[in-house]
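# Working through the structure, step by step
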Amino acid sequence: MIKPQSDLLPRPISNGSISVNMESGNNLTLTWEGLNVYVPEAKEGFFSKKKPKCEKMHIVQNVFGIARPGQILAIMGASGAGKTTLLNVLTLRNNENLVVQGSVKINSKIIDDRKQLSAVSGYVQQNDIFIGTLKVAEHLKFQAMLRMDRHTSYEEKMKRVELVMNDLNLKKCENTLIGVAQLGIKGISGGEMRRLAFASEIITDPGILFCDEPTSGLDSFMAMSIVESMKNLAKQGKTIVCTIHQPSSEIFEIFDRLYLMAEGRSAFLGDLTEAKDFFASQGFTLPINYNPADYYIKTLAILPSNKEESKERVKKICDGYDSSKYCQEAMDNIKKASGEQNLKSASFQSQLSSAYKAGWLTQLKWLIWRSFLSMSRNPMETKILAIQTFFIALIFGLIYLQIEDSQEGVQNINGVLFLLITNASFSNMFGVLNSFPAELPIFYRDHQNSMYRTVNYYLSKLITEVNLLIYLKMEDLSLNF
Ligand SMILES: Nc1ncnc2c1ncn2[C@@H]1O[C@H](COP(=O)(O)OP(=O)(O)OP(=O)(O)O)[C@@H](O)[C@H]1O
């Protein structure tokens, strides 16, 4: 087995993260019980009367599970098994069009508010979205200022930024722009971007870390380094839950617990060795020299060429699991976790109560800072607007050159004033149309992480862009005058 060369890899997250004076959110047990997710029937709207009636789909069926501190729980299964849906339910995201029943608990407290969940957890999403005109260190600084506790000093937050950059080997690219492909700004590599997404979430030292496909798009060395970092976080007492596709056997061995899903049902929850025994008990013995992850996924997959047989096989395994000792053990653990409520709830409750980590003014200050940096690094947009304004003003100026002091002249002046006002309104409107949609996914992500209030984001954009608009209008009016 080839091991990655440790000097080439990001160092695992050091215990130094605890040295920063912040409340470390450890010892959080995540449980989910009786989870059912349905896609509701399509409503017969005014325009959809003639559409065929769509059946209510049951995409996650009565699943339960537990993720304990100090362990990595890997959620695996074939495509369409329901992994992403489960992760969305656990993170209370993207469920708007679904009917969700059942409960998700942390230390036996039911979690139904995303702000509370964000206060104690991080979510590394599969698609990295960043403001590409920021540098790596600036992005992390922004995250630290708005996501770390308001009682943590500026120096401590910056110390944490340094620590996370060192741990994830981002130090050498700290002053490199993240990059925007559309603007031709080449930035950091794909692997560095993945690590930056990871760094953005662990900067707050969350008690629970959800990762959606943390290794996708990475080479085997980088994938291993990310999983090793996750393992080290787990060793510090964090609860790590990740979905993963086709991990290599080396990566698979690093996981502590395995949660297999098939056709929206639980197919197994337990240790890696238990998984091997369970599959053998169902008549599916893991072949020698076979990647266990590949074998389990293959066994639980629905093959298009052999649908009926695959479905029967999956049903047999899921039924077998429901009546197995592993299922009983998981149920007992979930019950036991509910009994531990009073032991751990004091610091946890205080964390849950603080939804926004930064105060109103701090949010506004750092949003303006980010917005100014982003705008100043994107001179192309400013240049284009300035040139466009210059030419439009020149054309208007030439059309209405040397207006005479007469009845006709007054009408011309009315005309030019009308044109100037409509031009000013429409160009500003198009400015807004350009500016907001481009940042919308980032805004949604930050908003789901409870980083800032919507009004603060809007104000920061207004304050930043109003300067540019004033300059452009001055250029326009002075030329016309
Ligand atoms: N909003 C939705 N509307 C209709 N069907 C949905 C919706 N969300 C999920 N599904 C269906 O539920 C099933 C599980 O989807 P999910 O995305 O959770 O699978 P997955 O295990 O994450 O698959 P993959 O590994 O391919 O991402 C799929 O059959 C999918 O088509």
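Report on the accompanying structure. (Residues numbered from 1 in each chain as written. Predicted model: local features only at pLDDT ≥ 70, side-chain atom pairs only at ≥ 80, totals over all residues. Heavy atoms only, no water.)

### Notes on helix H3 (residues 136-147)
Along its 12 residues, H3 runs 16 Å from first to last C-alpha, staying within 8% of the 16 Å computed at 1.5 Å per residue. Most of H3 is tucked away, with 12 of its 12 residues classed as buried. Buried residues of H3: Val136, Ala137, Glu138, His139, Leu140, Lys141, Phe142, Gln143, Ala144, Met145, Leu146 and Arg147, and no others. (Helix = DSSP H or I, 4+ residues; strand = E, 2+ residues; numbered from the N terminus. Expected span 1.5 Å × (residues − 1). Buried < 20%, exposed > 50% of the residue type's maximum accessible area, 1.4 Å probe, protein only.)

### Focus on the pattern of salt bridges
Taken as a whole, this structure holds 14 salt bridges when the rule is applied. In this structure, Lys231 and Asp256 form a salt bridge, with 2.7 Å as the shortest nitrogen-oxygen distance. With a gap of 25 residues between them, Lys231 in helix H6 (residues 220-235) and Asp256 in the loop between helix H7 (249-254) and strand S9 (257-262) connect regions that are remote in the sequence. Its relative accessible area of 21% is what places Asp256 among the partly exposed residues. Taken together, the salt bridges that share partners define one network made up of Arg265, Lys315, Asp319 and Asp322. (Salt bridge = Lys/Arg side-chain N within 4 Å of Asp/Glu carboxyl O.)

### Examining helix H8 (residues 272-281)
Those residues of H8 lying buried are Leu272, Glu274, Ala275, Phe278 and Phe279. In an axial view of H8, the angular spread of the buried residues amounts to 150°, which keeps them on one side of the axis. Seen from the open side of H8, the exposed residues pointing more than 90 degrees away from its buried face are Thr273 and Ser281. In the segment just after H8, Gly283 is the residue with positive phi, at about 90°. (Arc of directions from axis to C-beta.)

### Details of the sheet that holds strand S8 (residues 239-243)
A sheet is described by the order of its strands in space; here six strands give the open sequence S6-S7-S8-S3-S9-S10, paired in mixed fashion. The open sheet has two edge strands with one neighbour each: strand S6 (121-124) and strand S10 (265-271). The mean angle between the axes of side-by-side strands here comes to 15°, regardless of whether they run parallel or antiparallel. In this structure, S6 lies alongside strand S7 (residues 208-212), joined through four bridges in parallel fashion. Across the sheet, residue Gly122 finds its bridge partner in S7, namely Leu209. Lying on the sheet, helix H5 (residues 190-202) is in contact with S6 and S7; it crosses S6 at an angle near 170°. (Pairing = 2+ DSSP bridges. Axes fitted to C-alpha atoms, helices over the stretch in contact; angles between N-to-C directions. Contact = heavy atoms within 4.5 Å.)

### Notes on the site of the ligand
Taken together, 13 residues surround the ligand, and among them Ser79, Gly80, Lys83, Thr84 and Thr85 come closest. Contact between the ligand and Thr85: an oxygen atom at 2.5 Å from a side-chain N or O atom of the residue. Here an oxygen atom of the ligand sits 3.1 Å away from a polar atom, N or O, in the side chain of His245. Relative to its free-state accessible area of 630 Å², the ligand is covered by the protein chains to the extent of 60%. The element best represented in the shell around the ligand is helix H1 (residues 83-90), accounting for three residues. Residues belonging to the shell around the ligand are distributed by class as follows: six nonpolar, six polar and one charged. (Near = heavy atom within 4 Å. Polar contact = N/O pair within 3.5 Å; in protein donor to acceptor, adjacent residues only side chain to side chain. Areas by Shrake-Rupley, 256 points an atom, 1.4 Å probe, with all protein chains shown as cover. Nonpolar A, V, L, I, M, F, W, Y, C, P; charged D, E, K, R; others polar.)

### Re the environment of Lys115
Assignment of secondary structure puts Lys115 in helix H2 (residues 114-120). Sequence separation of Lys115 and His447 is 332 residues, and the distance between their C-alpha atoms is 9.3 Å.

### Focus: the packing of H3 against helix H13 (residues 360-376)
Where H3 contacts H13, the two axes come as close as 10 Å, and the packing angle between them is 165°. Comparing the axis directions of H3 and H13 gives the class roughly antiparallel. The interaxial crossing formed by H3 with H13 has left-handed handedness. The segment H3 lies against H13, with Glu138, Lys141, Phe142, Met145 and Leu146 engaging Thr362, Gln363, Trp366, Leu367, Trp369, Arg370 and Leu373. Of the residues that constitute the contact of H3 with H13, the class distribution is seven nonpolar, two polar and three charged. (Parallel < 35°, antiparallel > 145°, perpendicular 65-115°, else oblique. Left-handed = near helix turned anticlockwise from the far one by under 90°.)

### As for the sheet that holds strand S4 (residues 99-106)
Strand pairing within a sheet occurs via backbone hydrogen bonds; the two strands may be parallel or antiparallel. Taken together, the four strands give an open sheet; going across it, the order is S2-S1-S4-S5, and neighbouring strands pair in antiparallel fashion. Here the strands that pair on one side only, and so sit at the sheet edges, are strand S2 (57-67) and strand S5 (109-110). Judged from the seven bridges that link them, strand S1 (residues 30-39) and S2 form a sheet pairing that is antiparallel. Paired with Leu35 across the two strands is Val63, which belongs to S2.

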